[in-house]
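Letter by letter, the chains look like this.
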Amino acid sequence: MRTPFVVGNWKLHKTISEALALVTELKNQLGAVKGVAVGVAPPSTALHAVAKRLEGSSIAVASQNHHWEISGAWTGEVSAPLVADAGATWAIVGHSERRQFFGDTNEGVGKKAKAALAAGLGAIVCVGETLAERDASRTLEIVDAQLAGALAGITDASRLVIAYEPVWAIGTGRTATPGQAQEVHAHLRKQLTARFGADVANTIRIQYGGSVKPSNAEALIAEPDIDGALVGGASLEVADFVAIVKAARGNA
Ligand code: PEP
């Protein structure tokens, strides 16, 4: 019912030439793969070149972050219309590294999500708890607050994707078990149902992110409410990312 969506978040990696080499290979190897949607989120310096190289392919391009304002005196920022102009069709918002190191708040993430949708982009909204919050049994309370902040005022969910990324699993090699992830995904779907109704909530993809690798992707995505993956480290290597995409085919 939901086509799984696998997105590679390259973070602060890849020059333009490295980025082009990677997506050229992805285009060659994933051209014929059906039953899964794929995207890459290059650093903003490579976004336009990557989008150009991917023209005519089904691999989408996402930005990693943007300001909620459209334009103005915001030195160093990019906006949703600017990343759309550069070729992005998706925008990641609320990644835990933005929340942790750059002060993104639940309210700010909501403004960025609305700016993305207003610019015609799809929004990939990241939520997830820290280890201390999980250990204190606060996981659901934390993701609820993040989701409520991100979705405040959003009534059209047709271009919305949620990414559940437990902070303790990002870049640590420590992955949530399929059961742990499914429990949170099912809860998020319940919250989406309360907000948008069951028919709409059942169409919203909820990706899992946090040390997804070829060896664990299939078991995670086989869970009923896990609809793909947001992949960091493993998206930087063609073979690993291709293996994850293939593992995701038709499993959601
Ligand atoms: C991420 O940053 O979104 C992520 C999931 O990273 P990693 O796969 O490296 O844990």
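Predicted model, so just to flag it, every value in this text is computed and none were measured.

Colleague: Just checking my understanding: could you explain the overall build of the chain for this structure?
Modeller: A count of helices and strands for the chain gives eleven helices and eight strands. Here the chain has a C-alpha radius of gyration of 17 Å; the compact-globule value for 252 residues is 18 Å, and the two agree. Each principal axis of the C-alpha distribution contributes one length, and for the chain these read about 45 × 45 × 35 Å. Burial analysis of the chain (252 residues in total) assigns 53% to the buried set. Within the chain, contacts between residues at least 6 apart in sequence are counted, and of these 74% link residues at least 24 apart.

Colleague: Looking at this model, I keep getting lost on the site of the ligand. Mind explaining?
Modeller: Lys11, His95, Glu165, Gly171 and Ser211 are the nearest of the 14 residues found near the ligand. Contact distances for the ligand include 2.6 Å between an oxygen atom and a side-chain N or O atom of Lys11. In this structure, an oxygen atom belonging to the ligand sits 2.8 Å away from a main-chain N or O atom of Gly233. When isolated, the ligand has an accessible area of 290 Å², and the protein chains bury 95% of it. Of the residues in the shell around the ligand, the class split is four nonpolar, eight polar and two charged.

Colleague: Please clarify how the side chain of Glu129 should be interpreted in this entry.
Modeller: Checked against the element boundaries, Glu129 lands in the loop between β5 (122–127) and α6 (131–135). The class for Glu129 is buried, based on a relative accessible area of 0%. There is a polar contact of 2.9 Å between the side chain of Glu129 and the side chain of Tyr164. Not counting residues up to four positions away in its chain, the partners in contact with Glu129 are Arg134, Thr139, Ile142, Val143, Tyr164, Glu165, Pro166, Val167 and Trp168.

Colleague: Would you explain the pattern of salt bridges in this entry?
Modeller: Should the charged atoms of two oppositely charged side chains come close, the side chains can pair. One pass over the structure, following the stated rule, counts ten salt bridges. A salt bridge links Asp227 to Arg2; its shortest N-O distance comes to 3.0 Å. Of this pair, Asp227 sits in the loop between α10 (214–221) and β8 (228–231) while Arg2 sits in the segment before β1 (5–9); the two residues are 225 residues apart in sequence, bridging distant segments of the chain. Given the relative accessible area of 9%, Arg2 is considered buried. Through salt bridges with shared partners, a single network forms among Arg2, Arg189, Asp225 and Asp227.

Colleague: How do you make sense of unusual backbone geometry when you look at a structure like this?
Modeller: Where the residue is not glycine, phi is negative for most of them; where a peptide bond is considered, it is trans in most cases. In this structure, Lys11 is a non-glycine residue whose phi angle is positive, near 50 degrees. The phi angle at Lys14 is positive, at roughly 90 degrees, despite the residue not being glycine. Along the polypeptide, Lys14 turns up in the loop between β1 and α1 (16–30). A relative accessible area of 25% means that Lys14 is categorised as partly exposed.

Colleague: Teacher, can you tell me more about the sheet that holds strand β3 (residues 59–63) here?
Modeller: Backbone-to-backbone hydrogen bonds pair the strands of a sheet. The strands run either parallel or antiparallel. Strand order in this closed barrel of eight strands is β1-β2-β3-β4-β5-β6-β7-β8, and the pairing throughout is parallel. Across the sheet, the mean angle from the axis of one strand to that of its neighbour is 25 degrees, orientation sign disregarded. Here strand β4 (residues 90–93) pairs with β5 via four bridges, running parallel. Within the sheet, the bridge partner assigned to Val93 lies in β5 and is Val125.

Reading guide: rules and limits
Residues numbered from 1 in each chain as written. Predicted model: local features only at pLDDT ≥ 70, side-chain atom pairs only at ≥ 80, totals over all residues. Heavy atoms only, no water. Helix = DSSP H or I, 4+ residues; strand = E, 2+ residues; numbered from the N terminus. Rg over C-alpha atoms; globule rule 2.2 N^0.38 Å. Buried < 20%, exposed > 50% of the residue type's maximum accessible area, 1.4 Å probe, protein only. Contact = heavy atoms within 4.5 Å. Near = heavy atom within 4 Å. Polar contact = N/O pair within 3.5 Å; in protein donor to acceptor, adjacent residues only side chain to side chain. Areas by Shrake-Rupley, 256 points an atom, 1.4 Å probe, with all protein chains shown as cover. Nonpolar A, V, L, I, M, F, W, Y, C, P; charged D, E, K, R; others polar. Salt bridge = Lys/Arg side-chain N within 4 Å of Asp/Glu carboxyl O. Pairing = 2+ DSSP bridges. Axes fitted to C-alpha atoms, helices over the stretch in contact; angles between N-to-C directions.

Take it as geometry only, folks, not as evidence of what the structure does.
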